[in-house]
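What follows is each chain in one-letter form.
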Amino acid sequence: MSLLTVSKLTKRYGRGGKTLAAVDDVSFHVEPGETLALAGPSGSGKSTIARLVLRLIEPDGGGIEFEGDDFLALRGAPLRVRRARLQMVFQDPLAAFNPRATVARVLDDPLRIHGVASRSERPRRIAALLERVGLAAGLAPRAIHEISGGQRQRVAIARAIATKPSLIVLDEAVSALDVSVRGQILDLLLDLQHQERIAYLFISHDLGVVRAIAHRVILLDGGRIAESGDARTVIDAPQSAVGKALVAAAPRLDRSRP
Ligand SMILES: Nc1ncnc2c1ncn2[C@@H]1O[C@H](COP(=O)(O)OP(=O)(O)O)[C@@H](O)[C@H]1O
Ligand SMILES: [Mg+2]
């Protein structure tokens, strides 16, 4: 059984009297512990798929099965339990969190809301989470707006893993970072995946990043799947028009990364 199965997912938006299918009949699955990338040009539907999978928006058609449940049908307590297992990291943690909140507060919230740890245990859990993502425990009292972009993204990852998820949806999670910081965050993600067997739905417009982290890739074009397969095979020899255009536009694809 797949961890996540998306079937014939469709989402339409009205635009000037017409409707546009932002996501059009998209089907895919994610296996436990694997990274599936969604790549494609701006406007191809990547973020809409992320929001649908996270149930931040409702689809016009299609189904989502997560950990064996009909995810779209879940309500109440069973939905809360499943939500803890499906976490997210977005491009800009300054927008995702209250910038004046402390690092400790950002990490305390999921531990409290999902009942992961008691009040007295939580400071220890927070310190352990910070250590797990390569941050000093001394960062806990600092405000989100005071720390660097790379540190903020590490906090976002710590928050995502706090509830022991089986799947994390990452939407352009490393796109705003400098190249060196981006490499460190990708290494952290790979390490977490190996240690905790977390699956990633990894969304990026950057094929170099996709090639470095993903097992499989789906290339989207206008809300539809243009091409999919083994990440390196697809990126090294794209067959679709959109794949060829994306590779031609990529500044430099690092093929040396193991
Ligand atoms: N809330 C919305 N209202 C109207 N159109 C939207 C909305 N969200 C996305 N779209 C449209 O859906 C398409 C896909 O957008 P998106 O999923 O954000 O693409 P990507 O993340 O690949 O850049 C685009 O044409 C975008 O303009
Ligand atoms: Mg997007």
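Here is a short report on the structure shown in this document. (Residues numbered from 1 in each chain as written. Chains lettered and ligands numbered in written order. Predicted model: local features only at pLDDT ≥ 70, side-chain atom pairs only at ≥ 80, totals over all residues. Heavy atoms only, no water.)

A separate point is the overall build of the protein chain. Scanning the protein chain from N- to C-terminus turns up ten helices and ten strands. Relative to the 2.2 N^0.38 estimate, which gives 18 Å for 258 residues, the radius of gyration of the protein chain is 18 Å and therefore close to what a compact globule would have. Judged by the C-alpha coordinates and their principal axes, the protein chain covers about 55 × 45 × 40 Å. Per-residue burial over the protein chain gives 49% buried out of 258 residues. Restricting to contacts in the protein chain with at least 6 residues of sequence separation, those with at least 24 account for 65%. Surface summary for the protein chain: the accessible area is close to 12,100 Å², and the carbon and sulfur share equals 49%. One finds the centroid of the 36 positive side-chain charges in the protein chain at a distance of 4 Å from the centroid of its 28 negative side-chain charges. (Helix = DSSP H or I, 4+ residues; strand = E, 2+ residues; numbered from the N terminus. Rg over C-alpha atoms; globule rule 2.2 N^0.38 Å. Buried < 20%, exposed > 50% of the residue type's maximum accessible area, 1.4 Å probe, protein only. Contact = heavy atoms within 4.5 Å. Areas by Shrake-Rupley, 256 points an atom, 1.4 Å probe, with all protein chains shown as cover. Lys, Arg positive; Asp, Glu negative; His and termini not counted. Charge placed at Lys NZ, Arg CZ, Asp CG, Glu CD.)

You can see Arg82 is positioned in helix α2 (residues 76–85). For the pair Arg82 and Asp109, spaced 27 residues apart in the sequence, the C-alpha separation amounts to 17 Å. The residues contacting Arg82, other than those within four sequence positions of it, are Phe66, Glu67, Asp69, Phe71 and Leu74.

This part covers the side chain of Lys46. For Lys46, the location among the structural elements is in helix α1 (residues 46–53). Summary of buried charges: Lys46 has no salt-bridge partner, and the nearest side chain of opposite charge, Glu172, is 4.4 Å away. Within the structure, the side chain of Lys46 is placed 3.0 Å from the backbone oxygen of Pro41, a separation counted as a polar contact. Ignoring any residue separated from it by four or fewer positions in sequence, one finds Lys46 in contact with Leu38, Ala39, Gly40, Pro41, Glu172, Ile203, Ser204, His205 and Leu220. (Salt bridge = Lys/Arg side-chain N within 4 Å of Asp/Glu carboxyl O. Polar contact = N/O pair within 3.5 Å; in protein donor to acceptor, adjacent residues only side chain to side chain.)

On to the site of ligand 1, then. Around ligand 1, a shell composed of 13 residues is seen, among which Arg15, Gly43, Lys46, Ser47 and Thr48 lie nearest. Within the side chain of Thr48, one N or O atom sits 2.6 Å away from an oxygen atom of ligand 1. Calculation on ligand 1 without its partners gives an accessible area of 560 Å², and the protein chains cover 66% of this total. Here the shell around ligand 1 takes four residues from α1, the largest share from any one element. Here the shell around ligand 1 is composed, by residue class, of four nonpolar, six polar and three charged. (Near = heavy atom within 4 Å. Nonpolar A, V, L, I, M, F, W, Y, C, P; charged D, E, K, R; others polar.)

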